[in-house]
Amino acid sequence: MMKNFKLLVVVLAFLSFSAFAYLVLYRRCDSCYLSAGYQQFSSKILFKEKPLVIWSNDYHISPINDLKHLLRPLGVKFIDKSLSGHCHITNTCHGRSTLKVINIGNAMDLNHDLIPKFYEAYKDDAEMKSVDAFVCFHPSSMCELFEPFNKSLIIIASTRYELGRFGKDRWTKWNENLKRYSLQPWNVIGGNNRYDAEYIKYFTGIETVVLQSFCDYNNLSYNPTRKGYLVAPIHHGNFPKIFFEEFGGACSAINCTVEATALRAKYPSYKYSDLAAHMGIIYVPYQVSVMSLFEQYRMNIPLFFPSKELLTKWQHKHLLMNERTWSGTFGHRPKKSDIGPFDSNSLIPDPNNEEDEKAIRYWIEFSDFYQFPHIMYFDSIPDLVGKLEKITLSELLAVSEKMKEHNRQAKEKLLEAWTTILRKVADHSQNKPH
């Protein structure tokens, strides 16, 4: 049973955060990162003579691929030994063949006995000596492996951070390590979304940071030349039927002319330009943060989501966002977390309680789609139909322009945050990148 459970953990690690993003991820060669983005920020290159080097061996290709696109123009080099089953999409599979001690089968649910073995295998390795920092997205707990090297740890959870450290004892030990890492100014602990940053803070008391994935690598923008709206994939078993039947009934009731089509029915295989060409995208979310949302928001595509009240109701009744918790991912409805909160957070509802509407409502507030401005919300499916029927193209274009301006400002702030981090990493590193 335990063996099957561990296998399931590894499989879900490949898929859970955003299978949708894996399938549409933009293919780029290494040199492509240094084109338009390099020219735009060339005056802000931090490491002109000696690059700052970051090591990654994540189980998820998208967050690290996005980080490369963001930081390479600043003079950052990446060593990517991807453990993802989708590494072929980003041409990063070759690195894993040179990995020592760890592999795709043992690195997720890491046996801590491997940590000193990994250090011994790499302490005199020339490539490892060139590294200035390690970045860990998925799982964020991977960074425990790198602690003995006394290099900067950049821990940015892209999903619930106990991935790979399930169970009370392992999770508690992981928290203890995180607290210790947080005491060093050259380490970073946070999430690529606010939900995961708040989630870590709830259990550890650490003042986490939010370093959003930006995902503007496709260089496309909203261009509504095709009729109708797309409905992003709905992962809950029978909810697509519920949604489209109620949508059709509400549309018939007011003789509406609006079209809403399941994305995968319209485009079994698609390009980013296909998404940008439609009037907008409707979401019934299965997660609080997905890479596809970052991508579509950066393309300035008008987005429609259920209101907090409606999503709370749907979550409580249907467990619609089954991947909000790991128990939900494994097909269960959790009542509480395996461990308690940090002492000062005892009055905050448990994020892993799917039976309490107040707890659900409190935590979904931190979802990306309630944090980003200019997203449009509906209070019911008939309300959605009415809003889609009434909204004009000029209004949609105005929303898109507001998203575009927000994205411009958000990227500036994100680059400022990363510049501060990279300078601290460089100051700590014996390699002295400059």
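Residues numbered from 1 in each chain as written. Predicted model: local features only at pLDDT ≥ 70, side-chain atom pairs only at ≥ 80, totals over all residues. Heavy atoms only, no water.

(A) Examining the environment of L71 more closely. Its place among the elements puts L71 in helix α4 (residues 61–71). Taking C-alpha positions, L71 is 32 Å from T329, a pair spaced 258 residues apart along the chain. The contacts of L71, once residues within four sequence positions are left out, are I54, V76, F78, W418 and L422. (Helix = DSSP H or I, 4+ residues; strand = E, 2+ residues; numbered from the N terminus. Contact = heavy atoms within 4.5 Å.)

(B) Spotlight on the pairing of strand β2 (residues 76–80). In terms of residue burial, β2 counts as a mostly covered element, since 4 of its 5 residues are buried. Here 5 bridges tie strand β1 (residues 52–56) to β2, and the two strands are oriented parallel to one another. Bridge assignment links L52 to a residue of β2, and that residue is V76. (Buried < 20%, exposed > 50% of the residue type's maximum accessible area, 1.4 Å probe, protein only. Pairing = 2+ DSSP bridges.)

(C) A look at helix α12 (residues 291–298). With 8 of 8 residues buried, α12 is to be regarded as a mostly interior element. Those residues of α12 that fall on the buried side of the exposure criterion are M291, S292, L293, F294, E295, Q296, Y297 and R298.

(D) Looking closely at the packing of aromatic side chains. This structure, assessed with the given rule, holds 35 aromatic pairs. Summarising the aromatic geometry, the rings of F118 and Y122 are spaced 4.6 Å apart at their centres and angled 40° between planes, so their arrangement reads as tilted. Of this pair, F118 and Y122 both sit in helix α5 (residues 114–122), separated by 4 residues, roughly a single helical turn. F118 gets classed as buried once you look at its relative accessible area, which sits at 0%. Overall, the relative accessible area of 2% leaves Y122 in the buried class. (Phe/Tyr/Trp six-rings, centres within 6.5 Å; stacked < 30°, edge-to-face > 60°.)

(E) The arrangement of the side chain of S84 in detail. Structurally, S84 is set in the loop between β2 and α5. A distance of 2.9 Å separates a polar atom in the side chain of S84 from the backbone nitrogen of H86. (Polar contact = N/O pair within 3.5 Å; in protein donor to acceptor, adjacent residues only side chain to side chain.)

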